Amino acid sequence: MIGSVVDSETDTQQFMFPVILPIIISIGVGLPAVESPNGTLATVFSMIPLTSPVVMMARLPFDIPVWQIIVSMLLLILGIIGTAWLAGRVYRIGILTRGLKFPIS
């Protein structure tokens, strides 16, 4: 999606921070998740699709309910599908329809 929005490869650097931010947040939450794997912070962030891969992996060695693992996986799959749909829509509207790099509505 970022590639369809920018004009050159050097412009992608300024759009990478929003992509990297969930990874930074999930690493920051993953450390307290190891100390308190059934805490509210760890449970909530293990359900959010952008942070669940890191936080849930930090919680897996501990005894967590199976339903939380299943819900986390389902939400992650739905997040992937939604992100792919959004990226396809940005690409279709931005490049194929208008010939522009960024969709102007």
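In what follows, the structure referred to is the one given above.
A brief look at the structure comes next. (Residues numbered from 1 in each chain as written. Predicted model: local features only at pLDDT ≥ 70, side-chain atom pairs only at ≥ 80, totals over all residues. Heavy atoms only, no water.)

**Re the overall build of the protein**
Note the threshold: Each helix is a run of DSSP H or I of at least 4 residues and each strand a run of E of at least 2, with the numbering of both proceeding from the N terminus. To sort residues, take the accessible area from a 1.4 Å probe on protein chains only and compare it with the maximum for the residue type: under 20% means buried, over 50% means exposed, and anything in between is partly exposed. Two residues qualify as a contact provided that any one of their heavy atoms is within 4.5 Å of a heavy atom in the partner residue. In short, Shrake-Rupley with a 1.4 Å probe defines the accessible areas, and a residue's cover is counted only from the protein chains shown.
A count of helical and extended segments in the protein gives 6 helices and 0 strands. Going from the N terminus to the C terminus, the protein shows its helices and strands as α-α-α-α-α-α. Across the 105 residues that make up the protein, the buried fraction comes to 27%. Within the protein, contacts between residues separated by at least 24 positions form 48% of all contacts whose residues are at least 6 apart in sequence. Accessible surface, the protein as shown: approximately 7,100 Å² in total, 74% of it carbon and sulfur.

**Some points on helix H3 (residues 17-35)**
Since there are 3.6 residues in each turn of an α-helix, residues three or four apart along the chain are aligned in direction. Short version of the rule: Given a helix with a known number of residues, its expected span is that number minus one, times 1.5 Å.
With 19 residues, H3 should cover 27 Å at 1.5 Å per step; its first-to-last C-alpha distance of 28 Å lies within 8% of that length. Packed against the buried residues of H3 are helix H4 (40-45) and helix H5 (52-59).

**As for H5**
Selection rule: The directions from the helix axis to the C-beta atoms are what the arc is built from.
Every buried residue of H5 is listed here: Ser 52, Val 55, Met 56, Ala 58 and Arg 59. Projected onto a plane normal to the axis of H5, the buried residues spread over an arc of 155 degrees and lie on a single side.

**Focus: the packing of H3 against H5**
Note the following rule: The axes used here are C-alpha line fits, helices contributing only the stretch in contact, and every angle between their N-to-C directions lies in the interval 0 to 180 degrees. Angles below 35 degrees are treated as roughly parallel, those above 145 as roughly antiparallel, those between 65 and 115 as roughly perpendicular, and all remaining angles as oblique. Each crossing gets its hand from how the near helix is turned against the far one by less than a right angle, where anticlockwise is left-handed and clockwise is right-handed. Three classes are used, and their members are as follows: Ala, Val, Leu, Ile, Met, Phe, Trp, Tyr, Cys and Pro are nonpolar, Asp, Glu, Lys and Arg are charged, and the others, Gly among them, are polar.
Two numbers describe how H3 lies on H5: the axes approach to 9 Å, and their chain directions differ by 15 degrees. Judged on the interaxial angle alone, H5 and H3 are roughly parallel. The element H3 and its partner H5 pack so that their crossing is right-handed. For the pair H3 and H5, contact is made by Ser 26, Ile 27, Val 29, Gly 30, Ala 33 and Val 34 and by Val 54, Val 55, Ala 58 and Arg 59, respectively. Counted by class, the contact of H3 with H5 contains 7 nonpolar, 2 polar and 1 charged residues.

**Section: the environment of Ile 70**
In this structure, Ile 70 sits in helix H6 (residues 66-97). Along the chain, Ile 70 and Met 47 lie 23 residues apart, while their C-alpha atoms are 9.8 Å from each other.

**Some details on the environment of Leu 31**
Relative to the assigned elements, Leu 31 resides in helix H3. Sequence separation between Leu 31 and Val 55 is 24 residues; the distance between their C-alpha atoms is 8.6 Å.

**Here we look at a nonpolar patch on the surface**
Defined as follows: For patch detection, residues must exceed 30% relative accessible area and be free of salt bridges, and they are connected within 9 Å for like charges or within 5 Å for nonpolar side chains (Val, Leu, Ile, Met, Phe, Trp, Tyr). Criterion for a salt bridge: a side-chain nitrogen of Lys or Arg within 4 Å of a carboxyl oxygen of Asp or Glu.
A cluster of nonpolar side chains, Val 66, Trp 67, Ile 70, Val 71, Leu 74, Leu 75, Ile 77, Leu 78 and Ile 81, forms an exposed patch at the surface whose accessible area comes to about 870 Å². Looking at the secondary structure, you find Val 71 in helix H6.

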